[in-house]
Amino acid sequence: MTKQRAKRPWGVFVAIIAAMIFGSYAGKDAAVLGFSLYSVFDTIGTIFLNSLLLVVVPLVTASIITGISRIRGEEGFGRLGVKMFTFYISTSLMAILIGLLFVNLFHPGASFSMSTEGLDMEKMAKLQSSVANEEGHAFIRVLISIIPSNIVRAFAQGEMLGVIFFSLVFGYAITKVDDSSATTMKSFFQSLFATMIQFTRVIMRFLPYGVFCLVAKAFMVSGIVSIERLALFTVTVLLSLATFMFVGLPLMLKYIAKVKPLRHFRAMAPALITAFSTSSSSATLPVTIDCVEKRAGVSNRICGIVVPLGTSINMSGSALYECVAAMFVAQAYGIEISFVMQFVVVFMALITSIGVAGIPSASLVAILVILNAIGLPAEGIGLFIAVDRILDMCRTTVNVFSDSCCAVLVARSEGETQVLS
């Protein structure tokens, strides 16, 4: 069993490389026996994503309730909450500032030739329509969505902030009832959590096939050519994400959590590969929880709270990307962004990243909010939309890794010595 699990990430990595090559070479119009390969890959990839999303609501609910019910006393609950949000905000702010540094260093938009050739007007119109009612109210809408009026609807529609809030309060309520009732409820949700983890592992047996279809589909649309046209912007984003993921977060792990970063990378390998291929931190959540708890050694008490909540509000990679994208549009249009306005961009990226859904390309809506808020032309999003799908795969990977690092940081601050030991 151990050998099989160790080999699996390498098999998926090979599937990713093969999918990149095949997708770029075949293109969107490729067909076999009259069947569109893009449609085939899209169908299989959607089925794989649905199978992962199928697990999310029951797994998150059981995980949070189990974790919270193990915390006795208001002081312990409050202390844990303060630590969580401190690390969430710290990692997201670090990511945004790294992105701001690189976009000011490389000026990817300064030499960009403005024309209508790179603009996808139809796609931009849809995005602008979806954000029309959100402008100036994004943060308020997020706050309202935290407390659902109907928990059954929240479960049915996968409204994760509502599900998380209900699970947090429900788990806390278990700690206040008599021991007999509490033991029964704890036993039920612990059993549900263990069952959903096994459910996830069954789905993960098909990971290489799902990964190949999802990545091939993405490269059939964008391909390597789109990266070449926006090389400097792509490099700026990738270098920013890499610096945050391979320098910033490891430094926090080494000097704050006192753990070896390389061991954490190895522990999180399956989750990072899944995040890269699916471009969805929500779909990756079952795998992330399994890796953080079983491979990294974080207790369910910590993992069951920090990781699901982080998936909804700790979008460090997305926050970084939003900042770089907004600055890129300003540079491309020749608009000078003052230090004060850059601070506004940083603040907006931090706030809007909280409300970004854990689904592919959700950051585009948040970017439109930022562009409109600071007076930049919304159509500028079409300048980089061609490479967004590929960069989305990378920033989702960073989002998942950041959540896992926050779990380790909180666990070590709570005195858990078994983490990555």
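Residues numbered from 1 in each chain as written. Predicted model: local features only at pLDDT ≥ 70, side-chain atom pairs only at ≥ 80, totals over all residues. Heavy atoms only, no water.

### A word on the overall build of the protein
Just so we agree on the cut-off: For the purposes of this entry, the term helix denotes a DSSP run of H or I that reaches at least four residues, the term strand denotes a run of E that reaches at least two, and both are numbered from the N terminus. Exposure is judged per residue with a 1.4 Å probe applied to protein chains only, and the accessible area is read against the type maximum: over 50% gives exposed, under 20% gives buried, and values in between give partly exposed. Should any heavy atoms of two residues lie within 4.5 Å, those residues are considered in contact. Here the open area of atoms and residues is found with the Shrake-Rupley method and a 1.4 Å probe, where only the protein chains shown may cover a residue.
For the protein, the count of helices and strands is 18 helices and 2 strands. Taking all 421 residues of the protein together, 54% fall into the buried category. Sequence-distant contacts, at least 24 apart, represent 84% of the contacts inside the protein between residues at least 6 apart. When the accessible surface of the protein is split by element, carbon and sulfur atoms take 66% of a total near 18500 Å².

### A few points about the environment of aspartate 392
As a reminder, the rule being used: Side-chain atoms alone can form a polar contact between residues adjacent in sequence; in general such a contact is a pair of N or O atoms within 3.5 Å, and within protein one must be able to donate a hydrogen while the other accepts it.
Mapped onto the elements, aspartate 392 comes out in helix H18 (residues 385-413). Judged by relative accessible area, which is 3%, aspartate 392 ranks as buried. In sequence terms aspartate 392 and alanine 275 are 117 residues apart; their C-alpha atoms lie 9.8 Å from each other. Separated by 3.4 Å, the side chains of aspartate 392 and arginine 395 make a polar contact.

### Some points on the packing of aromatic side chains
This is how it is decided: Note on aromatic contacts: the rings of Phe and Tyr and the six-membered ring of Trp form a pair at centre separations within 6.5 Å, being stacked when their planes are under 30 degrees apart, edge-to-face when over 60 apart, and tilted otherwise. Two limits define a charge over a ring: the Lys NZ or Arg CZ must be within 6 Å of the ring centre, and within 35 degrees of the ring normal.
Scanning all chains against the criterion turns up 13 aromatic pairs. Summarising the aromatic geometry, the rings of phenylalanine 102 and phenylalanine 106 are spaced 5.9 Å apart at their centres and angled 10° between planes, so their arrangement reads as stacked. Residue phenylalanine 102 and its partner phenylalanine 106 are both found in helix H3 (residues 74-106); the two are separated by 4 residues, about one turn of the helix. Feature note: the residues Phe155, Phe166, Phe170, Phe188 and Phe189 constitute an aromatic cluster, connected by ring pairs. Arginine 395 extends its terminal NZ or CZ atom over the ring of tyrosine 321, reaching a point 3.9 Å from the ring centre.

### A look at the nonpolar core
Burial of nonpolar side chains together is a common tendency in soluble globular proteins. Test applied: In these notes, a set of buried Ala, Val, Leu, Ile, Met, Phe, Trp, Tyr and Cys residues joined through side-chain atoms within 4.5 Å is what counts as a nonpolar core.
Ranked by internal contacts, the top residues of the largest apolar core, which has 130 residues, are Phe233, Ile289, Val298, Val306, Phe384 and Phe401. Residue contributions to this core peak at 15 residues, all from helix H2 (residues 37-69). For phenylalanine 384, the contacting residues outside a window of four places in its chain are Leu230, Phe233, Tyr321, Ala325, Phe328, Val329, Leu364 and Ile367.

### Describing helix H13 (residues 281-295)
To keep things clear, this is the line we draw: Given the number of residues in a helix, its expected span is that number minus one, multiplied by 1.5 Å.
The first and last C-alpha atoms of H13 sit only 18 Å apart over 15 residues, clearly below the 21 Å expected at 1.5 Å per residue. Among the 15 residues of H13, 13 are classified as buried, and the element is accordingly described as predominantly covered. Of the residues that open H13, the one with a side-chain oxygen 3.0 Å from the backbone nitrogen of alanine 283 is serine 280.

### Side note on a nonpolar patch on the surface
Condition: Each patch is built from residues lacking any salt bridge and having more than 30% relative accessible area; the joining distance is 9 Å for like charges and 5 Å for nonpolar side chains (Val, Leu, Ile, Met, Phe, Trp, Tyr). The rule for a salt bridge is simple: a side-chain nitrogen of Lys or Arg has to be within 4 Å of a carboxyl oxygen of Asp or Glu.
Together, Val32, Leu33, Phe35, Val40 and Ile44 make up a nonpolar patch on the protein surface, roughly 510 Å² of accessible area in all. The topology assignment puts valine 32 in strand E1 (residues 31-32). Classification of valine 32 as partly exposed rests on a relative accessible area of 44%.

### Structural notes on the state of the cysteines
The bond known as a disulfide is covalent and runs between the sulfur atoms of two cysteines. Put simply, the test is: In this description, the term disulfide denotes a pair of cysteine sulfurs within 2.5 Å.
The tally for this structure, following the rule as stated, stands at 0 disulfides. Between cysteine 291, a cysteine without a disulfide, and cysteine 303, which holds the nearest cysteine sulfur, the sulfur-to-sulfur distance is 9.7 Å.

### Quick look at the pattern of salt bridges
Note on pairing: side chains with opposite charge can pair once their charged atoms come close. Counted according to the given criterion, the structure contains 5 salt bridges. In this structure, arginine 395 engages aspartate 392 in a salt bridge whose closest nitrogen and oxygen atoms are separated by 3.4 Å. In this pair, arginine 395 and aspartate 392 both sit in helix H18, 3 residues apart, roughly one turn of the helix. Among the charged side chains, a salt-bridge network with shared partners connects Arg79, Lys83, Arg301 and Glu414.

### Notes on unusual backbone geometry
Positioned with a positive phi, histidine 107 is a non-glycine residue whose angle comes to about 45°. Inspection of the secondary structure assignment puts histidine 107 in the loop between H3 and helix H4 (121-131). Histidine 107 gets classed as partly exposed once you look at its relative accessible area, which sits at 38%. Despite not being glycine, lysine 258 shows a phi value in the positive range, around 60°. Mapped onto the elements of the fold, lysine 258 is located in the loop between helix H11 (231-255) and helix H12 (261-278). A relative accessible area of 57% means that lysine 258 is categorised as exposed.

### Some thoughts on helix H7 (residues 160-174)
For H7, spanning 15 residues, the distance from its first C-alpha to its last is 21 Å, which sits close to the expected 21 Å at 1.5 Å a residue. Where H7 is concerned, the buried positions are Met160, Leu161, Gly162, Val163, Ile164, Ser167, Leu168, Gly171 and Ile174.

### Section: the packing of H2 against H7
To keep things clear, this is the line we draw: Lines fitted to C-alpha atoms define the axes, with helix axes restricted to the stretch in contact, and inter-axis angles between N-to-C directions lie between 0 and 180 degrees. Orientation is classified from the angle alone, with under 35 degrees giving roughly parallel, over 145 giving roughly antiparallel, 65 to 115 giving roughly perpendicular, and any other angle giving oblique. Put simply, a crossing is left-handed when the front helix is turned counterclockwise from the back one by less than a right angle, and right-handed when it is turned clockwise. In this classification, Asp, Glu, Lys and Arg are treated as charged, Ala, Val, Leu, Ile, Met, Phe, Trp, Tyr, Cys and Pro as nonpolar, and every other residue, Gly included, as polar.
At a closest axis distance of 8 Å, the pairing of H2 and H7 adopts a crossing angle of 30°. Put simply, H2 runs roughly parallel to H7. Judged by the sense of rotation from one axis to the other, the crossing of H2 with H7 is right-handed. Counting all contacts with H2, which are made through Val56, Val57, Val60, Thr61, Ile64, Ile65, Ile68 and Ser69, the residues of H7 involved are Met160, Val163, Ile164, Ser167, Leu168, Phe170, Gly171, Tyr172 and Ile174. Its residues assigned to classes, the contact of H2 with H7 shows 13 nonpolar, 4 polar and no charged.

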